[in-house]
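Understanding the architecture of this molecule
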Amino acid sequence: MSSIELTPSQKTILQELINLFRESESAVKGEEIAEKVDRNPGTIRNQMQSLKALQLVEGVPGPKGGYKPTATAYDALKIQEMDQAADVPFRHNGELITGANVQEIDLTSVHHPELCRAEIKLQGSMSEFTEGDSISVGPTPLSKLLIEGSLEGKDNTNNTLILTIDNMAAPAGGEEPLH
């Protein structure tokens, strides 16, 4: 387990590097990260130097160069790399999204039925999501849980969407749970 303490800015930049690296499977340019996190490319270069010193990022020289996250980066952000992650269907405004994998679902306020919320931790870019969007997650592999709601907010530092739940069903669609 990593004991590296990162600033919110470092977490956001590192998370976006990991998201972009997953999409391209090649080195990511600082300008791409700057655009996604709405920061100046010079700021990204400075942050990358400190992330390199922490051995969370490696620089790749050359015209196709940029930055790559190290294994320690995944540990620092508590991201599990799985060879064969279970596929959890994820819909944004009714459209099935590929490349965004649901890593964790946290039901934060189940005890309050009028204010039921869920936090959905994603692997993938969150730049396309805006408040009020319709989100659907599931059915999950084992319990067949389906959550439908509207986006209340997002935490870019932790790659988390915060939903107000409109509907939650398990097992979804009459399917039997596998546990």
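Look up: the structure comes first, before these words.
Before going into details, it helps to say that this report is about the structure given with it. What you see is a predicted model, and the numbers here were worked out from it, not measured in a lab.

Describing unusual backbone geometry
Residue G138 is joined to P139 through a cis peptide bond whose omega torsion reads 10 degrees. Topologically, P139 is positioned in the loop between β7 (134-137) and β8 (146-155). The phi torsion at E25 lies on the positive side, around 55 degrees, for a residue other than glycine. Among the structural elements, E25 can be located in the loop between α1 (8-24) and α2 (30-37). One non-glycine residue, N159, adopts positive backbone phi at about 55 degrees.

Quick look at the packing of aromatic side chains
According to the stated counting rule, one finds one aromatic pair in the structure shown. Residues F90 and F129 carry aromatic rings whose centres are separated by 5.8 Å and whose planes lie at 80 degrees to one another, so their mutual orientation is edge-to-face. Placement of F90 in strand β3 (residues 90-92) and of F129 in the loop between β6 (117-123) and β7 is noted, with a sequence separation of 39 residues between them. The same class applies to F90 and to F129, which are both buried.

Analysis parameters
Position labels on residues start from 1 in each chain and follow its written sequence. At least 70 in pLDDT is required for a residue's local features to be given in this predicted model, at least 80 for side-chain atom pairs to be given and counted, and no such filter applies to totals for whole chains, interfaces and linings, which use all residues. Excluded from the side-chain calculation are hydrogens and water; included are all heavy atoms of the structure. Strands are runs of DSSP state E lasting at least 2 residues, helices are runs of H or I lasting at least 4, and numbering of each runs from the N terminus. Aromatic pairing here means that ring centres of Phe, Tyr or Trp (its six-membered ring) are within 6.5 Å. Orientation follows from the plane angle: under 30 degrees is stacked, over 60 is edge-to-face, and everything else is tilted. Residue burial is assigned from relative accessible area. The probe radius is 1.4 Å, only protein chains are included, and a residue is buried under 20% of its type maximum, exposed over 50%, and partly exposed in between.

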